[in-house]
Amino acid sequence: MRKTIQTMDGAVFVAGKSKECTNPSCTHFGKHYYATGVLKYSLPYSTYGLDVLAFIGCVDEHEHQQLIEIQRSLKERGVEINESNVGKLYRQFLALLGGTLAHTQEVRFVD
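*Asks:* What should I look at first to understand the environment of Leu-94 in this one?
*Replies:* Tracing the sequence through the fold places Leu-94 in helix 3 (residues 83–110). When the C-alpha atoms of Leu-94 and Ala-54 are compared, they prove to be 10.0 Å apart, with 40 residues separating the residues in sequence.

Printed below as a string of structure tokens:
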């Protein structure tokens, strides 16, 4: 996988080699897995960094800005993005946050 990612600090080119399950008796035989190093910077199929995703989520949650206002803030910081992608990244932020909260609550019940 190779892609250029827009981050709050500018564009970054990342590359990583995926791996394939080679065990024929495995239920995941032939499936490809992402190089984990690449996932530290962005979600799969996204060209925006996790820092951009976090910025969008934090600004919306704390400052209650509209998507168009968040887009303007990002453009002022040098991130080229449209309102549609801001909305998409915000929904991804909520999904990640929801997964984190569910995991945290699950851990509390185990203790």
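*Asks:* What exactly am I supposed to notice about the nonpolar core here?
*Replies:* It is characteristic of soluble globular proteins that their nonpolar side chains tend to be buried jointly. If you look at the biggest cluster of nonpolar residues, it comprises 14 residues, and the most contacted ones within it are Val-52, Ile-56, Ile-70, Leu-74, Ile-81 and Leu-89. Sorting the residues of this core by element identifies helix 1 (50–63), helix 2 (67–76) and helix 3 as the ones contributing at least two each. The contact partners of Val-52, leaving out residues within four places of it in the chain, are Gln-6, Thr-7, Met-8, Leu-74, Val-79 and Leu-89.

*Asks:* I keep staring at the state of the cysteines and nothing clicks. Help me out?
*Replies:* Here a disulfide denotes one covalent bond, and it connects the sulfur atoms of two cysteines. Tallying each qualifying case throughout the model produces zero disulfides. As a non-bridged cysteine, Cys-26 has Cys-21 as the owner of its nearest cysteine sulfur, 3.7 Å distant. Taking relative accessible area as the criterion, Cys-26 reaches 27% and is therefore assigned partly exposed.

*Asks:* Is there a simple way to think about the packing of helix 1 against helix 2 in this case?
*Replies:* Relative placement of two packed helices is described by the angle separating their axes and the distance separating the axes. Between helix 1 and helix 2, whose axes approach to 10 Å, the crossing angle comes to 135°. The angle between helix 1 and helix 2 places the two elements in the oblique class. Considering only the axes of helix 1 and helix 2, their crossing is right-handed. In contact with Val-52, Phe-55, Ile-56, Val-59 and Asp-60 of helix 1, helix 2 contributes Ile-70, Ser-73 and Leu-74.

*Asks:* Help me out: how do you make sense of the pairing of strand 1 (residues 2–7) in this one?
*Replies:* Here is the key point about a regular strand: its side chains alternate between the two faces of the sheet. The two faces of strand 1 differ: Lys-3, Ile-5 and Thr-7 on one face are buried, but Arg-2, Thr-4 and Gln-6 on the other face are not. The pairing of strand 1 with strand 2 (residues 10–15) spans six bridges and is antiparallel. By the bridge assignment for strand 2, Gln-6 is matched with Ala-11.

Rules used in this analysis
Residues numbered from 1 in each chain as written. Predicted model: local features only at pLDDT ≥ 70, side-chain atom pairs only at ≥ 80, totals over all residues. Heavy atoms only, no water. Helix = DSSP H or I, 4+ residues; strand = E, 2+ residues; numbered from the N terminus. Core = buried A, V, L, I, M, F, W, Y, C linked by side-chain atoms within 4.5 Å. Buried < 20%, exposed > 50% of the residue type's maximum accessible area, 1.4 Å probe, protein only. Contact = heavy atoms within 4.5 Å. Disulfide = S-S within 2.5 Å. Axes fitted to C-alpha atoms, helices over the stretch in contact; angles between N-to-C directions. Parallel < 35°, antiparallel > 145°, perpendicular 65-115°, else oblique. Left-handed = near helix turned anticlockwise from the far one by under 90°. Pairing = 2+ DSSP bridges.

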